[in-house]
Amino acid sequence: TRHLLDGVAVSVPHRSTDPVHPTPWLISTQVVSNRSFAKLAALEPDAVLLSGDLSYADGWPWRWDSFGALASPLLSRVPVLVTGGNHEVGSSEAWLHYLERWPTPYREARSTSPLYWSADVGPVHVVALNSYDNFVHGGDRLQRSWLEDDLSKVDRAATPWLIVMMHAPFYNSNSAHALEAELMRLTYEPLLLKYGVDVVLSGHVHAYERSDARGIYDAQPNACGPVYLNLGDGGNREGGEAAWVAPHPEWSAFRESSFGVGALDIINETHASYAWHRDACGASTAPHYDLAANDCATPHDAGGAPHVAIDAIVLRRDLRASPSCAALRRNPPSVSPFPDGWGTSNAANDDDAPPPLIRERRSVELSLVAIILGTAASFILGICAAALTSRVTRRPSETILTPHKGYGLVDEKRSPDSVIVEML
């Protein structure tokens, strides 16, 4: 059986002697997403986990409907669990459609918000966190206190594997969205070590990146820390991110600016196999994607990893459960912040499309222009409407309401509607 995670799938084959061990799978959204959904459906997953940026509706409600139609062949047959991304809270979304259309099991998890929750999926305890909480001056204390309480109660005999998913990645060597989750990482990474989290799943960055298979902690390979999978590459309407930080950080084992899905097969209590499968690549000309997944390459991809169609590893949690790691978990050391300016890249980008960060700035600038123009237009229309109403409802000086003539409140020379307008 298989479980889908954002951009990656986690699965555990059914056995006649062991019918309840499942596997997770991961994914993202749009043009290439159609192919991603089809591939995932063919895997017959048991559950789906999506780590944010679902429909890219961005304030246009019908996009939620079209995304539902795109995903329905898979999601109509498979349980789906989600966490929110920036496209669920920004662009006038404000979590409204997300909360109404995508219920989460937060009540069962005794969470204080539907934006963070946990659930048991076969042998996996899955935790979803909100990357857009307030991480300044303890503004996230409700989420943090709930998380620690939830992790402290996990029964590792029943659910030996522990997966945490969030939208913005803690570790990301792509220049897009660099260090956006840094405040959250500084506080939450020690908690993930303390409770022996095995895998951290994120999206947000439109590329694929995997950390060292041994696990990492405080930006260094560490067998006691979780493995980080960044799978923001299931498909989207904004394109990929090809600019990477150089040199390639030690904690980053594989990175590629392509589209794809991943499969995490839970073999038993201590071992799992994971593989990312390239789905498509970006292209410099329309339609800006290349479906020749086995041998394609995204233009200007500065990731530096060998361009291969499959990135496969074995995950071992028996090392994470060792006595030496148990001793470290009792008193997790604090983590150091990345230096200011980390995450910039001088790598070339596709000449036919602006770099991702420039695209975002342009979007913000256009949004501000639209707001200013909209406000000015509303003000001018309001003045015109007031002037027009004043002229239409102005009463001639010689006309007087005269109840003694038997007309009541309506003047004989004016319609009842004009009187009502004036009264309003």
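Below or above, wherever it landed, is the structure these notes cover.

Rules behind the numbers
- In this convention, every chain numbers its residues from 1, walking through the sequence in written order.
- Only residues with pLDDT of at least 70 are given local features in this predicted model, and only at 80 or more are side-chain atom pairs given and counted; all residues enter the totals for whole chains, interfaces and linings.
- As a rule here, side-chain values cover all heavy atoms of the structure and leave hydrogens and water aside.
- We count a stretch as a helix when DSSP gives it H or I for four or more residues in a row; a strand needs E for two or more, and each element gets its number in order from the N terminus.
- Any two residues whose heavy atoms approach within 4.5 Å at even a single point are treated as in contact.
- Surface exposure here means Shrake-Rupley accessible area, sampled with a 1.4 Å probe, where a residue is shielded only by the protein chains that are shown.
- Cysteine sulfurs are considered disulfide-paired once they come within 2.5 Å of each other.
- Under the scheme applied here, a residue whose accessible area is under 20% of the maximum for its type counts as buried, over 50% as exposed, and between as partly exposed, the area being computed with a 1.4 Å probe on protein chains only.
- Side-chain rings of Phe, Tyr and Trp (the six-membered ring for Trp) are treated as a pair once their centres are within 6.5 Å; stacked means planes under 30 degrees apart, edge-to-face means over 60, and tilted covers the remaining angles.
- The salt bridge criterion pairs a side-chain nitrogen of Lys or Arg with a carboxyl oxygen of Asp or Glu, the two atoms within 4 Å.
- Here the expected span of a helix is defined as 1.5 Å times the quantity of residues minus one.
- Given a residue, its bend is the angle between the two axes fitted to the seven residues that end at it and to the seven that start from it.
- Pairing between strands is defined by DSSP: at least two bridges between them are needed.
- Axes here mean lines fitted to C-alpha atoms, for a helix over just the part in contact, with angles spanning 0 to 180 degrees between N-to-C directions.
- Here, the term right-handed applies to a crossover whose path from the first strand over the helix to the second runs clockwise when the strands point away from the viewer.
- Side-chain atoms within 4.5 Å link the members of a nonpolar core, which is a set of buried Ala, Val, Leu, Ile, Met, Phe, Trp, Tyr and Cys residues.
- Under the rule applied, a polar contact is a pair of N or O atoms within 3.5 Å (in protein, one hydrogen donor and one hydrogen acceptor; residues adjacent in sequence only if both atoms are side-chain atoms).

**Some details on the overall build of the protein**
Across its full length, the protein holds nine helices and 18 strands. Partitioning the contacts of the protein with sequence separation of at least 6, the portion at a separation of at least 24 is 69%. Total accessible area computed for the protein in this model is approximately 19,700 Å², and 58% of it derives from carbon and sulfur atoms.

**Observations regarding the state of the cysteines**
Under the criterion given, the structure shown has two disulfides. The side chain of Cys-281 participates in a disulfide bridge whose partner is Cys-296; the two sulfur atoms lie 2.0 Å from each other. Note on the Cys-281 and Cys-296 pair: the S-S dihedral is about 70°, so by sign convention the disulfide is right-handed. Placement of Cys-281 in strand E16 (residues 271-282) and of Cys-296 in the loop between strand E17 (289-290) and strand E18 (310-316) is noted, with a sequence separation of 15 residues between them.

**Comments concerning the environment of Leu-319**
Mapped onto the elements, Leu-319 comes out in the loop between E18 and helix H7 (323-330). A relative accessible area of 41% means that Leu-319 is categorised as partly exposed. Spatially, the C-alpha atom of Leu-319 lies 9.9 Å from that of Gly-215, the residues being 104 residues apart in sequence. Beyond its immediate sequence surroundings of up to four residues, Leu-319 is in contact with Ala-223 and Cys-325.

**Considerations on the environment of Ser-92**
Its location among the elements puts Ser-92 in the loop between helix H3 (86-89) and helix H4 (96-101). For Ser-92, a relative accessible area of 63% translates into the label exposed. Between the C-alpha atoms of Ser-92 and Asp-58, which are 34 residues apart in sequence, the distance is 6.8 Å.

**Concerning the packing of aromatic side chains**
One pass over the structure, following the stated rule, counts 15 aromatic pairs. Seen from their ring centres, Tyr-208 and Phe-254 are 5.7 Å apart, and the 50° between their planes marks the pair as tilted. With Tyr-208 in strand E10 (residues 208-211) and Phe-254 in strand E14 (residues 252-256), this residue pair connects regions lying 46 residues apart in the sequence. Accessibility classification places Tyr-208 together with Phe-254 in one group, the buried group. Feature note: the residues Phe-170, Tyr-171, Tyr-228, Trp-251, Phe-338 and Trp-342 constitute an aromatic cluster, connected by ring pairs.

**As for the pattern of salt bridges**
For the structure shown, the criterion picks out 13 salt bridges. The partner of Arg-185 in a salt bridge is Glu-189, with the nearest N and O atoms 2.9 Å apart. Here the residue Arg-185 and the residue Glu-189 both occupy positions in helix H6 (residues 182-194), the gap between them amounting to four residues, near one helical turn. Across the pair, Glu-189 and Arg-185 agree in class, each one buried. With a closest N to O distance of 2.8 Å, Arg-278 and Glu-256 form a salt bridge. In this pair, Arg-278 sits in strand E16 while Glu-256 sits in strand E14, placing the two residues 22 residues apart along the sequence. Using a relative accessible area of 0% as the deciding quantity, one classes Glu-256 as buried. Salt bridges sharing partners connect three or more residues here, namely Arg-156, Asp-198, Arg-317 and Arg-320.

**Comments concerning helix H2 (residues 62-75)**
Taking 1.5 Å per residue as the helical rise, H2 with its 14 residues ought to reach 20 Å, and the 18 Å between its terminal C-alpha atoms agrees with that figure. The principal kink in H2, of about 35°, is found at Ala-69, preceding the proline Pro-73 by one to four residues. Turning to H2, its buried residues are Trp-64, Phe-67, Ala-71, Leu-74 and Leu-75.

**Some thoughts on the sheet that holds strand E9 (residues 199-202)**
Read from one edge to the other, the open sheet built from seven strands follows the order E6-E7-E8-E9-E13-E10-E14, with strand pairing classed as mixed. Two strands in the sheet have a free side with no partner beyond their single neighbour: strand E6 (117-121) and E14. Ignoring which end each strand starts from, the neighbouring axes of this sheet average 15° apart. In this sheet, E9 lies alongside strand E8 (residues 161-165) in parallel orientation, the contact comprising three bridges.

**Digging into the pairing of strand E4 (residues 45-50)**
In terms of burial, E4 is largely enclosed, as five of its six residues are buried. Once you follow E4 into H2 and on to strand E5 (residues 80-82), the crossover reads as right-handed.

**Some details on the nonpolar core**
Residues Leu-129 and Phe-170 are the most contacted members of the largest nonpolar core, which totals 48 residues. When sequence neighbours within four positions are dropped, the list of residues in contact with Leu-129 reads Thr-83, Leu-115, Tyr-116, Gln-143, Trp-146, Leu-147, Val-164, Met-165, Met-166, Met-184 and Tyr-188. By size, the runner-up hydrophobic cluster in this structure holds 27 residues, among which are Tyr-106, Ala-119, Leu-201 and Phe-254.

**A few points about the side chain of Asp-198**
Residue position: Asp-198 is located in the loop between H6 and E9. Reaching out from Asp-198, the side chain makes a polar contact with the backbone nitrogen of Leu-162 at a distance of 2.8 Å. Side-chain polar atoms of Asp-198 contact the side chain of Arg-320, separated by 2.8 Å. Excluding anything up to four places from it in sequence, Asp-198 contacts Arg-156, Pro-160, Trp-161, Leu-162, Pro-226, Val-227, Arg-317 and Arg-320.

**Quick notes on the pairing of E10**
A two-sided burial pattern is seen for E10, the buried positions comprising Tyr-208 and Arg-210 on one face and Glu-209 and Ser-211 on the other. Across three bridges, the pairing between E10 and strand E13 (residues 227-231) is antiparallel. Opposite Arg-210, over in E13, you have Leu-229 as the bridge partner. Here four bridges tie E10 to E14, and the two strands are oriented antiparallel to one another. Each residue of the ladder has a partner; that of Glu-209, found in E14, is Arg-255.

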